[in-house]
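# Breakdown of the fold
Chain by chain, the residues:
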Amino acid sequence: MRIDKYLWCTRYFKTRNTASTAVKKGQVKVNGDAVKPSRDVYPMDKIVVRKNQIDYQLTVLDLPESRVGAKLVDIYRKDTTPKDAFEHNELLQFAKKHYRKKGLGRPTKKDRRDLDDFLDESE
């Protein structure tokens, strides 16, 4: 089975076209090598998928006939993604919320006072 079709069947991507595009961009590696969308996948292959700034690591257990339901996905793959990858993503999301949104213009007087207080505390 093709790698793009496998990723679509196991619900890592919503459409096969997005799966194919991700493989072309190099966001998918099979056994440590960047591959083309037409690369065949076999049981016991190790796949790394970079999606939403998380490197999902999975092992192919079996090949599905077609797209499977969410409850049946674990039959066809084993997810070996470490927990710290998800924790790192949570920290990134928290950090993004703290900063001002792009395009809001110059800092306000309150922002400047907060910065001054922060710099005074550090000295």
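Once a new chain begins, its residue numbering starts again from 1 and follows that chain's sequence as written. Residue-level local features of this predicted model are given only where pLDDT is at least 70; pairs of side-chain atoms are given and counted only at 80 or more, and the full residue set underlies all totals for whole chains, interfaces and linings. Values shown for side chains rest on all heavy atoms present in the structure; no hydrogens or waters enter the calculation.

## Side note on the side chain of D4
Short version of the rule: The secondary structure listing takes helices from DSSP runs of H or I that are at least 4 residues long and strands from runs of E that are at least 2 residues long, numbered from the N terminus. Under the scheme applied here, a residue whose accessible area is under 20% of the maximum for its type counts as buried, over 50% as exposed, and between as partly exposed, the area being computed with a 1.4 Å probe on protein chains only. Identification of polar contacts relies on pairs of N or O atoms within 3.5 Å, with a donor-acceptor requirement for protein atoms, meaning one able to donate a hydrogen and the other able to accept it, and with residues adjacent in sequence counted only if both atoms are side-chain atoms. Working rule for contacts: check all heavy atoms of both residues, and any pair within 4.5 Å makes them a contact.
Position of D4 relative to the elements: it lies in helix α1 (residues 3–9). The exposure class of D4 is buried, given its relative accessible area of 2%. Looking at D4, its side chain comes within polar contact range of the side chain of R2, at 3.1 Å. In this view, D4 contacts R16, A19, S20 and P37; residues no more than four positions away in its chain are not counted.

## Here we look at the pattern of salt bridges
Counted only if it meets this: Throughout this description, the term salt bridge denotes a Lys or Arg side-chain nitrogen within 4 Å of a carboxyl oxygen of Asp or Glu.
This model, assessed by the stated rule, comprises seven salt bridges. One salt bridge connects D55 with R50, and the closest N-O pair in it is separated by 3.2 Å.

## Considerations on the sheet that holds strand β3 (residues 46–51)
Put simply, the rule is: Strand pairing is assigned whenever DSSP identifies at least 2 bridges connecting the two strands.
With antiparallel pairing, five strands are arranged side by side in an open sheet as β2-β1-β3-β4-β5. Because the sheet does not close on itself, it has two edges, and the strands there are β2 (33–34) and β5 (77–79).

## Notes on the pairing of strand β4 (residues 54–60)
Among the seven residues of β4, five are classified as buried, and the element is accordingly described as predominantly covered. When β3 meets β4, the two strands line up antiparallel, connected through six bridges. Among the inter-strand pairings, V49 is bridged to a residue of β4, identified as Y56. In textbook terms, the turn of a hairpin is the stretch between consecutive antiparallel strands, and for β3 and β4 this stretch comprises two residues, one of which, N52, has a positive phi near 55°. Sheet analysis places β4 next to β5, joined by three bridges and oriented antiparallel. In the sheet register, V60 faces β5, and the bridge partner there is R77.

On their own, these measurements won't tell you what the molecule is for.
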